[in-house]
Amino acid sequence: MTAKRAARVQHVSTDSPSDVANLSKSALKRGRRPRRVAVILFLLLCVLLVLSLRVGSSGNFQWSDVWRGILAMCGLGDPLPGAQQTFIELRALRALIAVGVGACLALSGGLLQGVFRNSLASPSIIGVSAGAALGASTAMMSMGGYGPFSPLRNVAAYAPVVVTGCAFLGGLIATSVVTRLATAGGRISVPTLLLVGIAVNAVAAGLLAAIQSFALRDYELSRAIVAWSFGTLEDRSAQQVVLLGIGLLVAAATIPFVALELDLFAAGEDDAKALGVHTGRVKLLALCAATLAAAVAVSVAGQIAFVGIVAPHLLRLLGGRSHRSLLPLCLLGGPVFLVGADFLQRWLLGDAFLQPGVVMSLIGGPFFLYLLVRNKGAMATW
Amino acid sequence: MASALKVKGVHYSYGDPGGVDRPGSVTDAVAGLDLELTQGEFLCVIGPNGSGKSTLLSLCAGLLAPDRGEVLLDGGAAHSMAPKERARRMAVVPQSLASIPSLLVETFVSSGRYAYLGVWRRPGPLDKEAVAMAMDEADLLDVAERSMEQLSGGQRQRVLVARALAQQSEYLLVDEPTNSLDLEHKLHVFAWLKRLACEGRGVIVVTHDLNLASQFADRLMLIRDGRMVASGGPSEVLKRSVLEPIYGPNLHFGELPTTAGARPYVVPWLQLGDEAR
């Protein structure tokens, strides 16, 4: 027994009891924080949604009219007179699309950053969005009667589903190329990841441009493709909202099965494997979910860059680094970010409003540069 | 029947011609090693830098699949076991982590229970008990609420062992546990690992510290270039005829008394005037 006691690891503590008490209090606070952030984000989102119904290019509504419009949409009251109800409904559709797209892109970014263990990864940076855009526009062109896939013409009635499916395929191809090329000896190299992303983005952009010039003859089609490739929230249909919702639900359903695992990835993939994580399966699941989320977002609203990088980053600062809180928060934070940006630019710029894709690039580009500057120290070791 | 970890004629090469640290390497990191470990045994694997010690440990842990030969845990190949099943039977204490996660110590130790969690990943009372026991065993209860980044080197090492203890496995595979620790902490870690072996676990420790290995291990295994040079009790391995070809002639040997009889020690020793030769 004495040997056992002698062998016992001695503990040298410098803590005074009050220090320990403070520490555990702050730990408790940290544990509660994600929930509080979620409540705040949810309230913020509700406010933003109501505001975006009120403000728009077709004029501002009275508060009472906004409420009446909302009640009418829920079937609880009489509709507003004339075109007003239609305006409200169009704005609601646009806002819902923004919610879905924001959630999808933020979730996709959160998942990709977890898998690649780097906060610079996001669907637009590593080329997943571009791959999805290429898939989607190929589908659009084919259904418009161009290109080699003439059988697709017969399914034009299911256009949104086909476009989303092709976007998912395109995104998957981009994801697998990027993942395969950036992995060497079981490790992911961040510089290679970003370089492969550049290459995939360039190739996809070239092919997109080619598709657009093919479609130039057809005014309607080229207009649709161009408007969509800038990232747009206009003229979307209810069918697309449903599609977006389904895609988002499926992608979000993977959260419970990858969140803890991605946390364990943080200390290295081998370490996670030794703890019993099926690393291959988790990566596959997370990458598929990220690609699906990015693909539905892209097929509905085009390429909106940087939501997937900015939103998870800010959420990590607010609600902590654990993917168990980060990924669910993405579902609220992404919408707040996109709906907020969309509302702000409509409110500040009035009628002359920019595409959300443009706004996001204007916010996100500098933010990406800021991340690079801030991570200078870490980058030196890449 | 007591379980056993058996390594039979294992070969492994990194086969990564573009690899930065092993340019154009085609030589095997591990070239035909055999090893057997039963529960309650304390085995130390020693050898010079780059001899394949850590690769051997990864092979034993089933993290790498051998090119040839096999690693068997009770007759089943270690690397093709379901990850969770494997983690419940073998716990790895890494030399260091790729990056220090910004987690609370308790959260980090809890991650050792991953292999026991159900579909919803919610820890049950058994998991909480195992974590509490591991933290108590490692004397970490006072720093449970601290962040991993605030720990000293010695504390961090204990946290890594505690996480492995929370896995409640039959085998502990420990990679260089005493790097960057001072003398006192080195001794504590080894004595602790020895006690864990006495309690019925099979323990493999990869280490550079020949003297601590000599003092605590039941068996030593000396490897070089992926091949076994010597294996046996401390006095069979730590002798001039075995070590001189590997570590050079500037060694001084001696013996220290322990409760388990006299154990050899060896220290690097440059005799005055030797530099001139």
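Per chain, the residues get numbers from 1 upward, laid out in the order the sequence is written. To label them, take the chains in the order written and letter them from A, then take the ligands in the order written and number them from 1. Only residues with pLDDT of 70 or above have their local features reported here, since the model is predicted, and side-chain atom pairs are shown and tallied only from 80 upward, although totals for entire chains, interfaces and linings are computed over all residues. Only heavy atoms go into the side-chain values, all of them from the structure, while hydrogens and water stay out.

With reference to specific residues and values, describe the overall build of chain A.
Counting its secondary structure elements, chain A contains 16 helices and two strands. A simple rule labels every residue: compare its accessible area, found with a 1.4 Å probe on the protein chains alone, to the largest value its type can have, and call it buried under 20%, exposed over 50%, or partly exposed in between. Within chain A, the fraction of its 382 residues that count as buried is 51%. The contact criterion used is simple: two residues touch if any of their non-hydrogen atoms lie within 4.5 Å. Taking the contacts inside chain A whose residues are at least 6 apart along the sequence as the reference set, 74% of them involve residues at least 24 apart. Strands here mean DSSP runs of E at least two residues long; helices mean DSSP runs of H or I at least four residues long; both are numbered from the N terminus.

Outline the overall build of chain B, listing residues and values.
Across its full length, chain B carries nine helices and 12 strands. Per-residue burial for chain B yields a buried fraction of 53% across its 277 residues. A fraction of 67% describes how many contacts in chain B between residues 6 or more apart in sequence connect residues 24 or more apart. Surface accessibility follows the Shrake-Rupley procedure with a 1.4 Å probe radius. Residue values consider only the protein chains on display as shielding. In the structure as shown, chain B presents an accessible area of about 12,400 Å², 52% of it carried by carbon and sulfur atoms.

With reference to specific residues and values, describe the packing of aromatic side chains.
The geometry of an aromatic ring pair comes down to the distance between the two centres and the angle between the two planes. For this analysis, a ring pair means two rings from Phe, Tyr or Trp (six-membered ring only for Trp) whose centres lie within 6.5 Å, classed as stacked if their planes differ by under 30 degrees, edge-to-face if by over 60, and tilted for the remaining angles. The final tally for this structure, using the stated rule, is six aromatic pairs over all chains. Relative to A:Phe368, the ring of A:Phe306 lies with its centre 6.4 Å away and its plane at 45°, an arrangement referred to as tilted. Remark: A:Phe368 occurs in helix H15 (residues 356-374) and A:Phe306 occurs in the loop between helix H12 (279-301) and helix H13 (307-319); sequence separation between them is 62 residues. Relative accessible area serves as the criterion here: at 15%, A:Phe306 is assigned to the buried category. When its relative accessible area of 16% is taken as the criterion, A:Phe368 is described as buried. Both rings, one in B:Tyr12 and one in B:Tyr14, keep their centres 5.2 Å apart while their planes meet at 85°; by these two values the pair is edge-to-face.

Can you explain the sheet that holds strand S6 (residues 90-93) of chain B? Please cite residues and give values.
All names here are of chain B. We call two strands paired when DSSP finds no fewer than two bridges between them. Spatially, S6-S7-S8-S3-S9-S10 is the arrangement adopted by the six strands of the open sheet, whose pairing is mixed. Since the sheet does not close on itself, it has two edges, and those belong to S6 and strand S10 (227-232), each with one partner. On average, each strand axis in the sheet is tilted by 15° relative to the strand beside it, whichever way the strands run. Pairing of S6 with strand S7 (residues 171-175), which is carried by four bridges, proceeds in the parallel orientation. Its bridge partner being in S7, Val92 is matched across the sheet by Leu173. To get an axis, fit a line to the C-alpha atoms, keeping to the stretch in contact for a helix; angles then go from 0 to 180 degrees between the N-to-C directions. Helix H6 (residues 183-198) rests against strand S3 (42-46), S7 and strand S8 (202-206) of the sheet, and its axis sits at about 135° to S3.

Please give an account of the pattern of salt bridges that cites residues and values.
Residue and element names in this part refer to chain A. For this analysis, a salt bridge means a side-chain nitrogen from Lys or Arg found within 4 Å of a carboxyl oxygen belonging to Asp or Glu. Taken as a whole, this structure holds 17 salt bridges over all chains when the rule is applied. With its nearest N and O atoms 2.8 Å apart, the salt bridge here joins Asp342 to Arg94. In this pair, Asp342 sits in helix H14 (residues 323-349) while Arg94 sits in helix H4 (residues 84-115), placing the two residues 248 residues apart along the sequence. Arg94 carries the same exposure label as Asp342, and that label is buried.

Before we move on, can you summarise the nonpolar core with the specific residues and values?
Residues A:Val101, A:Leu111 and A:Phe116 are the most contacted members of the largest nonpolar core, which totals 83 residues. Broken down by element, this core gets its largest block of residues, 12 residues, from H4(A). Filtering out sequence-adjacent residues up to four positions away, A:Phe116 remains in contact with A:Ala121, A:Ile126, A:Thr179, A:Ile188, A:Leu193 and A:Leu287. As used in this record, nonpolar core signifies buried Ala, Val, Leu, Ile, Met, Phe, Trp, Tyr and Cys residues forming a set joined through side-chain atoms within 4.5 Å. Counting 53 residues, the second-largest nonpolar core is a separate cluster that includes B:Ile46, B:Val93, B:Leu151 and B:Leu210.

So what about the packing of helix H6 (residues 159-182) of chain A against H12(A)? Which residues, and what values?
Residues and elements named next belong to chain A. Where H6 contacts H12, the two axes come as close as 8 Å, and the packing angle between them is 135°. Viewed along their axes, H6 and H12 adopt a mutual orientation that is oblique. When the axes of H6 and H12 are compared, the crossing they make is right-handed. Contact with H6, carried on its side by Val163, Thr164, Ala167, Phe168, Gly171, Leu172, Thr175 and Thr179, involves Leu287, Cys288, Thr291, Leu292, Ala295, Val296 and Ser299 of H12 and no other residues of that element. Gly is placed with the polar residues, together with every amino acid not listed as nonpolar (Ala, Val, Leu, Ile, Met, Phe, Trp, Tyr, Cys and Pro) or charged (Asp, Glu, Lys and Arg). Looking at the contact of H6 with H12 residue by residue, the classes come out as nine nonpolar, six polar and no charged. Under this scheme an angle from 65 to 115 degrees is roughly perpendicular, one under 35 degrees roughly parallel, and one over 145 degrees roughly antiparallel; angles in between are oblique. For a crossing to be left-handed, the near helix must be turned anticlockwise from the far one by less than a right angle; the clockwise case is right-handed.

Could you give an account of a nonpolar patch on the surface, naming the residues involved and the relevant values?
All names here are of chain A. A cluster of nonpolar side chains, contributed by Leu344, Trp347, Leu348 and Leu349, occupies part of the molecular surface with about 450 Å² of accessible area. Looking at where Leu349 falls in the secondary structure, it is placed in helix H14. On the basis of relative accessible area, Leu349 is assigned to the partly exposed category, the value being 43%. Only residues whose relative accessible area exceeds 30% and that take part in no salt bridge are eligible for patches, with like-charged residues grouped when within 9 Å of each other and nonpolar side chains (Val, Leu, Ile, Met, Phe, Trp, Tyr) grouped when within 5 Å.

How would you sum up the confidence of the model for chain A? Please name residues and give values.
Residues and elements named next belong to chain A. pLDDT gives the predictor's per-residue confidence on a scale running from 0 to 100. Model confidence for chain A is summarised by a mean pLDDT of 81, while 82% of its residues fall at 70 or above. Averaged pLDDT values for the elements of chain A fall to 42 in helix H1 (residues 2-7) and rise to 93 in helix H10 (residues 255-265). Throughout residues 1-29 the model reports pLDDT below 50, and contacts reaching past four residues in sequence, or to other chains, amount to 35 contacts.

Which residues make up the pairing of strand S11 (residues 251-258) of chain B, and what values do they have?
Residues and elements named next belong to chain B. By the bridge criterion, eight bridges tie S11 to strand S12 (residues 261-268) in an arrangement that is antiparallel. By the bridge assignment for S12, His252 is matched with Val267. Adjacent in sequence and paired antiparallel, S11 and S12 are bridged by two residues.

Could you give an account of helix H3 (residues 63-73) of chain A, naming the residues involved and the relevant values?
All names here are of chain A. Along H3, the residues that are buried comprise Asp65, Val66, Gly69 and Ala72. Viewed along the axis of H3, the buried residues span an arc of 130°, placing them on a single side of the element. Once H3 finishes, Gly75 follows within two positions and takes phi at roughly 75°, a positive value. By definition, the arc is the one covered by directions from the helix axis to the C-beta atoms.

Can you explain empty space enclosed by the protein? Please cite residues and give values.
As defined here, a cavity is a set of points on a 1 Å grid over the protein atoms alone where a 1.4 Å probe fits but cannot get out. A pocket is an open set with protein on both sides within 12 Å along at least five of seven lines, and residues line them when an atom is within 4 Å of a point. Grid points are joined across faces, edges and corners, and a volume is the space filled by probe spheres set on the points. The full count for this structure, using the stated rule, is one cavity of 30 Å³ or more. Of the pockets and cavities examined, the largest cavity occupies roughly 30 Å³. In terms of lining residues, the largest cavity is bounded by A:Ala274, B:Ala61, B:Leu63, B:Arg86, B:Ala87, B:Met90 and B:Val92. Looking at the lining of the largest cavity, the elements with two or more residues in it are helix H2 (83-89) and S6 of chain B. The class makeup of the residues in the lining of the largest cavity is six nonpolar, no polar and one charged.

Outline the side chain of A:Arg94, listing residues and values.
Relative accessible area serves as the criterion here: at 10%, A:Arg94 is assigned to the buried category. The term polar contact refers here to a pair of N or O atoms within 3.5 Å; inside protein, the definition further demands a hydrogen-donor-capable atom paired with an acceptor-capable atom, and it admits residues adjacent in sequence only when both atoms are side-chain atoms. A distance of 2.8 Å separates the side chain of A:Arg94 from the side chain of A:Asp342, its partner in a polar contact.

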